[in-house]
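Remarks on the overall topology
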Amino acid sequence: MKYKKYNALIGLVLIALLIVHLWYEVWSYKAFYYNPLVTKVLGYGFAVCVGIHALLSICALVHHDSRQLRMYAAYNVRTIVQRLSVAGLLILFPLHIKTGDWITGHKVSPAGFTGLMILQVLFWLMVYLHVTTSFTRALITLGLLENRSVQKIIDTAAAVLLAVFLIYAGIVIIQTQMFLYTRGG
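Overview of the structure. (Residues numbered from 1 in each chain as written. Predicted model: local features only at pLDDT ≥ 70, side-chain atom pairs only at ≥ 80, totals over all residues. Heavy atoms only, no water.)

On to the overall build of the protein, then. Each helix and strand counted, the protein has six helices and zero strands in total. Mapped from its N terminus to its C terminus, the protein presents α and β elements in the order α-α-α-α-α-α. Its C-alpha atoms put the protein at 55 × 30 × 25 Å along the principal axes. A burial count over the protein gives 34% of its 185 residues as buried. Across the protein, the fraction of contacts at a sequence separation of at least 24, relative to all contacts at a separation of at least 6, is 77%. With an accessible surface of roughly 11500 Å², the protein has 72% of that area assigned to carbon and sulfur atoms. Separation between the mean location of the 15 positive side-chain charges and that of the 5 negative ones in the protein comes to 3 Å. (Helix = DSSP H or I, 4+ residues; strand = E, 2+ residues; numbered from the N terminus. Buried < 20%, exposed > 50% of the residue type's maximum accessible area, 1.4 Å probe, protein only. Contact = heavy atoms within 4.5 Å. Areas by Shrake-Rupley, 256 points an atom, 1.4 Å probe, with all protein chains shown as cover. Lys, Arg positive; Asp, Glu negative; His and termini not counted. Charge placed at Lys NZ, Arg CZ, Asp CG, Glu CD.)

If you want it as structure tokens, here you go:
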């Protein structure tokens, strides 16, 4: 249980870092401002926390009977979505990191650019699914939430707020990346 509590805490820290990351990216794209130091500090800080989160998740799985997931799949749709979204994130994360470099360096064809934009949207969808299936679970694990009706309200509010934020960020980022791609060498 210790792993789950630490992991829940790191998960909440990651959600806060995600909000900071998105806010900074939107602001920097809108202002056409790039500070490599801030970008690297945010990126590496986020990556370190993701690594810790992943290791704690593995430890929690090893110490937990995963047969329950198979036996009660209908009751664990949320857990299945949570784990599938992690698989998607692991596959798409390296592309997410390199997309900006490839676009600004014009290292992709127009078809490659379109493919990268589609993969970015899929990456953001995986982030959305993982955060919305994990947020209240972290609160429950830490003993900060016990009421199921309150959980549903928080789940709905978090899902709507994150969707709005990700859609807005996606629009700003894709429009700016399109501009950068079509205006360069």
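A separate point is the packing of aromatic side chains. The geometry of an aromatic ring pair is captured by two quantities: the separation of the ring centres and the angle between the planes. Overall, the coordinates contain six aromatic pairs when judged by the stated rule. Between the aromatic rings of W23 and W27, the centroid separation amounts to 6.5 Å while the plane-to-plane angle is 10 degrees, which identifies the pairing as stacked. Placement of both W23 and W27 in helix 1 (residues 2-31) is noted, with a separation of four residues, approximately one turn of the helix. Looking at W27, the relative accessible area reads 38%, which means it is partly exposed. Three or more aromatic residues joined by ring pairs form one cluster here, namely W23, Y24, W27 and Y33. (Phe/Tyr/Trp six-rings, centres within 6.5 Å; stacked < 30°, edge-to-face > 60°.)

Now for a nonpolar patch on the surface. Taken together, the side chains of W23, W27 and Y33 define a hydrophobic patch exposed on the protein surface, amounting to about 360 Å² of accessible area. With respect to the helices and strands, Y33 occurs in the loop between helix 1 and helix 2 (36-62). (Patch = residues over 30% accessible without salt bridge, like charges linked within 9 Å, V, L, I, M, F, W, Y side chains within 5 Å. Salt bridge = Lys/Arg side-chain N within 4 Å of Asp/Glu carboxyl O.)

Counting across every chain of the model gives two salt bridges. In this structure, D101 and K98 form a salt bridge, with 3.1 Å as the shortest nitrogen-oxygen distance. Of this pair, D101 and K98 both sit in helix 4 (residues 77-104), separated by three residues, roughly a single helical turn. The exposure class of D101 is partly exposed, given its relative accessible area of 41%.

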